[in-house]
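# What the coordinates show
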Amino acid sequence: MYTRRIFPVKGVIRWTRRHILLFLLLATVPVILFDVLRWKWLHIPWLPLGVLGTAVAFIVSFKNNASYDRLWEARKIWGGIVNTSRSWTIMVKDFITNKHAKNPIADEELKTIKRELVHRHVAWLTALRYQLRKDKPWESHLKNQKSNKEFRETQYTVLEDTVPIEEAIAPYISKAEFDTIFKKGNQASQLLGIQSKRLGELMDQGLIEDFRHMEMMAMLTELHTLQGKSERIKNFPYPRQFATLNYVFVWVFILLVPFGIMEGFEVIGDRIVSDLNENPAYFEVTQNLQLFIGKHFAWFSIPFSALIAWVFHTMEAIGENTENPFEGGPNDVPITDLSRGIEIDIRQLIDDTDIPEPYQWINDIVM
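Since the model is a prediction, treat every value here as computed from it, not as a measurement.

This part takes up the pattern of salt bridges. A complete count under the given rule lists 18 salt bridges for this structure. Put simply, Arg-86 and Asp-345 hold a salt bridge, and the shortest N to O gap is 2.7 Å. Placement of the pair is Arg-86 in helix H2 (residues 46-95) and Asp-345 in helix H14 (residues 335-349), with a sequence separation of 259 residues. For Arg-86, a relative accessible area of 39% translates into the label partly exposed.

Structure (C-alpha cells):
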C-alpha cells in the first residue's frame, strides 16, 4: 500500500519508461512512411478511430472498477479479521476462568492457557498471509515483468519472500502442532481446527462454561468465514477472457492511433504554409523555418500519439496490477503490516511479554 498523498510522477515515468520508448518508435514509423516516403494514402479517418478509442476507454474503466472492487473487498475482509481478532482475545481473556472448573488451576497456568490460545491465533494470521502471498499462474507474469521486478528489488521488500513460513510460525506453537499442520495442505485451517479442539478440552475441564464455549466457537466460525473470503479473492482471478481481450483491444488502439493523427497534423501544417504564403514573416530566416515546420508538421504527431498510447496503456496496466490484492505488489492490501499490528494489539490485551515492534517500511510502501 502506497501511503503518500500523491504517487510521484517520476516513479510512474520510470515504471513505464520502456513502453514510452516503444510508443515513440511505433509513432515514428508511420510518420516516416507518410512524410518521407510520401505514402499519403497511409492514414485512417479519425471518426472510426475515435469510436474505437471510446469503446476501449469504457472497457479499461470497467476493468479498473472491477479491480478496485476486488481490492476494496479484500481490505474490508482484513478489517473484519482485525475486529474479530480483538473480540477473540477479549473472550480468551475474560471467558477462561476457574469459576466452573472441576479442578481449579493456578492463576499462572490460566495465564499460560490464554497465552497459548492468543499465540496460536497469531500463528493462524501468519499462515494465512503466507498462503495469500503464494504465486498463482495469473499473477506470476506481473512479478516477472522487467519493470515490476526492478521496482520490487529497489523500492520495497516482501517479507514472505525472504523469511520461510516455518521460521515465522515456529515461535507461536508447540513442536507437536508444528509437525501436525505442516503435514496438511492448508496450515491456517489446521490451526483453527486445533483451536476448536483445545476449546473442547477446556470446556471438559470446566474452565469454559457451555454458553461461553458456544460464543468462542462462533468466533472461530467467523475466522473461517473471513479466511474463506480471502481465499476466494486469491484463488479466483479477474476472468482471463475479459483481461486478455482488454489487453488486445488496448494494443490495437495504440497501433492505430498514429495513423489517425498524422493527417490531422498535416492539415495544420498546410494551413501554416498557406498563411505564410499570404502573410510572409518579416525575416527570411523565420519565414523559411516556419515553412519547413509547416511542411513537416506531421512529425509533431509522434509525441501526441505516444502520449495517447501511454495514457491508455498505463490505465490498463494499473488495473492489471491492482486486480490481485494479495500478490505482494506495492498497491496491495498491507496484510503483513496488519498482521503485525493485530499481534501487538492482542498480545498487549493479555499483558504478554516480548511483544515485537511494528515493522519499519521504506519508500512509503507498506506491505
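The structure having been displayed, the exposition proceeds.
Right, let's talk about the packing of helix H3 (residues 107-133) against helix H9 (residues 187-204) for a bit. One can describe the packing of H3 onto H9 by two numbers: an axis separation of 8 Å at closest approach and a directional angle of 165°. Put simply, H3 runs roughly antiparallel to H9. The way H3 lies across H9 gives a crossing that is left-handed. Contacts from Ile-113, Glu-116, Leu-117, Arg-120, His-121, Ala-123, Trp-124, Ala-127, Leu-128 and Gln-131 in H3 reach Gln-187, Ala-188, Leu-191, Leu-192, Ile-194, Gln-195, Arg-198, Leu-199 and Leu-202 in H9. A breakdown of the residues in the contact of H3 with H9 according to their chemical character gives 12 nonpolar, 4 polar and 3 charged.

Nonpolar side chains collect at one region of the surface, where Ile-32, Val-36, Leu-37, Trp-39, Trp-41 and Trp-299 lie side by side and expose about 600 Å² of accessible area between them. Along the polypeptide, Trp-39 turns up in the loop between helix H1 (9-36) and H2.

Here the focus is the nonpolar core. Counting 53 residues, the largest nonpolar core has Trp-78, Ile-81, Ile-96 and Trp-124 as its most contacted members. Put simply, the parts of the chain that give this core at least two residues each are H2, H3, helix H7 (165-169), helix H8 (175-181), H9, helix H10 (210-235) and H14. No other element matches the 12 residues that H3 contributes to this core. In this structure, Ile-96 is in contact with Met-91, Leu-110, Ile-113, Lys-114, Leu-117, Leu-202, Leu-207 and Ile-208, ignoring residues within four places of it in sequence.

One way to put it is that H1 packs onto helix H5 (residues 146-155) with a least axis distance of 9 Å and a crossing angle of 155°. One finds that H1 runs roughly antiparallel with respect to H5. Relative to H5, H1 is oriented so that their crossing is right-handed. Taking contact as the criterion, the partners of Arg-14, Trp-15, Arg-17 and Arg-18 in H1 are, on H5, Lys-146, Ser-147, Asn-148, Glu-150 and Gln-155. Of the residues assigned to the contact of H1 with H5, the class counts are 1 nonpolar, 3 polar and 5 charged.

Basis of the calculations
Residues numbered from 1 in each chain as written. Predicted model: local features only at pLDDT ≥ 70, side-chain atom pairs only at ≥ 80, totals over all residues. Heavy atoms only, no water. Salt bridge = Lys/Arg side-chain N within 4 Å of Asp/Glu carboxyl O. Helix = DSSP H or I, 4+ residues; strand = E, 2+ residues; numbered from the N terminus. Buried < 20%, exposed > 50% of the residue type's maximum accessible area, 1.4 Å probe, protein only. Axes fitted to C-alpha atoms, helices over the stretch in contact; angles between N-to-C directions. Parallel < 35°, antiparallel > 145°, perpendicular 65-115°, else oblique. Left-handed = near helix turned anticlockwise from the far one by under 90°. Contact = heavy atoms within 4.5 Å. Nonpolar A, V, L, I, M, F, W, Y, C, P; charged D, E, K, R; others polar. Patch = residues over 30% accessible without salt bridge, like charges linked within 9 Å, V, L, I, M, F, W, Y side chains within 5 Å. Areas by Shrake-Rupley, 256 points an atom, 1.4 Å probe, with all protein chains shown as cover. Core = buried A, V, L, I, M, F, W, Y, C linked by side-chain atoms within 4.5 Å.

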